[in-house]
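Results of the structural survey
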Amino acid sequence: AQKITQTQPGMFVQEKEAVTLDCTYDTSDPSYGLFWYKQPSSGEMIFLIYQGSYDQQNATEGRYSLNFQKARKSANLVISASQLGDSAMYFCAMGRNTGNQFYFGTGTSLTVIP
Amino acid sequence: DTGVSQDPRHKITKRGQNVTFRCDPISEHNRLYWYRQTLGQGPEFLTYFQNEAQLEKSRLLSDRFSAERPKGSFSTLEIQRTEQGDSAMYLCASSNGRDRGFRTPQHFGDGTRLSIL
């Protein structure tokens, strides 16, 4: 069974500090992709960053980077220099080459403290 | 890029009634997904279309649920004989998967919030 696990229901970070949001996944497929989305209180889902299972380097997008450890099946999101606007729910998701379903974790609520 | 549009934004109905939601994806996107999200949870996959073909349906999608994408553009999700447990946010997402397939990020609409009285 495919599964995404986010073990941190809530996280707090001081403004301008870095924070890591954890994500582990379970799949037997060799080809898959991992995504992070942000969902502010307004409700829209915003794509942040993507990591492919065959990518040799960790993905980076501005202040977002993905710490991909394939052997440990983890894909943690690192947000550097946190801003107040980063306060939101963050979801890790996985898609596979052998199917069309996408699997989301239960999310982590991040609060940035001024 | 006008974004993914969903209508209505909110729907309140009595148990047992039928409801239909509409999703207009980004115009050049060939992939369209429906998800259900309940409070405090991540989106749960319901179904997937590639152009007009429905290629994947979750076991969550009981026979009361049906989705269509007749011309490969907009899609509708119908729930028949609604139940209390159907109360949720229904999200639609689209992507242009022609080059990168499932690797392409999905663009989400703002969702339709369904409340069953």
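A brief report on the enclosed structure follows. (Residues numbered from 1 in each chain as written. Chains lettered and ligands numbered in written order. Predicted model: local features only at pLDDT ≥ 70, side-chain atom pairs only at ≥ 80, totals over all residues. Heavy atoms only, no water.)

On inspection of all chains with the given rule, the structure shows 2 disulfides over all chains. Each sulfur in the disulfide pair A:C23 and A:C92 lies 2.0 Å from the other. An S-S torsion of about -65 degrees defines the bridge between A:C23 and A:C92 as left-handed. With a gap of 69 residues between them, A:C23 in the loop between β3 (19-21) and β4 (24-26) and A:C92 in strand β10 (residues 88-96) connect regions that are remote in the sequence. For the pair shown, A:C23 and A:C92 are each scored as buried. In this model B:C23 forms its disulfide with B:C92; the gap between the sulfur atoms is 1.9 Å. Here the disulfide of B:C23 and B:C92 is left-handed, its torsion about the S-S bond being about -70 degrees. Of this pair, B:C23 sits in strand β3 (residues 19-24) while B:C92 is found in strand β9 (residues 88-95), placing the two residues 69 residues apart along the sequence. (Disulfide = S-S within 2.5 Å. Helix = DSSP H or I, 4+ residues; strand = E, 2+ residues; numbered from the N terminus. Buried < 20%, exposed > 50% of the residue type's maximum accessible area, 1.4 Å probe, protein only.)

Counting 25 residues, the largest nonpolar core has A:I4, A:Y25, A:L34, A:W36, A:I49, A:L77 and A:Y90 as the members making the most contacts within it. Secondary-structure elements contributing two or more residues to this core are β3, β5 (32-39), β6 (46-52), β8 (64-69), β9 (74-79), β10 and β12 (108-113) of chain A. Per-element accounting of this core gives the leading share, 4 residues, to β10(A). Excluding residues within four positions of it along the chain, A:Y25 makes contact with A:K3, A:I4, A:Y32, A:L34, A:F68, A:K70, A:K73, A:S74, A:A75 and A:M94. Of all hydrophobic cores here, the second largest spans 19 residues; its members include B:V19, B:L61, B:Y90 and B:I116. (Core = buried A, V, L, I, M, F, W, Y, C linked by side-chain atoms within 4.5 Å. Contact = heavy atoms within 4.5 Å.)

Counting from both sides, the interface comprises 20 residues of chain A and, opposite them, 23 residues of chain B. In total, about 1800 Å² of surface goes out of reach between chain A and chain B, with carbon and sulfur atoms giving 57% of it. Looking at the side of chain A facing chain B, the largest losses of area belong to A:N100, A:Q101 and A:F102, adding up to 34% of the total buried there. In this assembly, chain A and chain B are joined by 0 salt bridges. (Buried area = accessible area lost by both parts, 1.4 Å probe. Salt bridge = Lys/Arg side-chain N within 4 Å of Asp/Glu carboxyl O.)

Let's shift gears to unusual backbone geometry. Cis geometry marks the peptide bond from B:D7 to B:P8; its omega dihedral reads -5 degrees. With a phi angle near 45 degrees, A:A81 is a residue other than glycine that sits in the positive phi range. The topology assignment puts A:A81 in the loop between β9 and β10. In this structure A:A81 comes out as partly exposed when scored by relative accessible area, which is 37%. Of note in this structure, B:R81 is not a glycine but carries a positive phi near 50 degrees. Following the sequence through the fold, B:R81 ends up in the loop between β8 (75-79) and β9.

All names here are of chain B. Ordered by their spatial adjacency, 4 strands build an open sheet running β1-β3-β8-β7, and the pairing between neighbours is antiparallel. At either margin of the open sheet sits one strand with a lone partner, and together these are β1 (5-7) and β7 (65-68). Strand-to-strand twist in this sheet, taken as the mean axis angle between neighbours without regard to direction, amounts to 15 degrees. Of the pairings in the sheet, the one linking β1 to β3 comprises 3 bridges and is antiparallel in character. By the bridge assignment for β3, S5 is matched with D24. (Pairing = 2+ DSSP bridges. Axes fitted to C-alpha atoms, helices over the stretch in contact; angles between N-to-C directions.)

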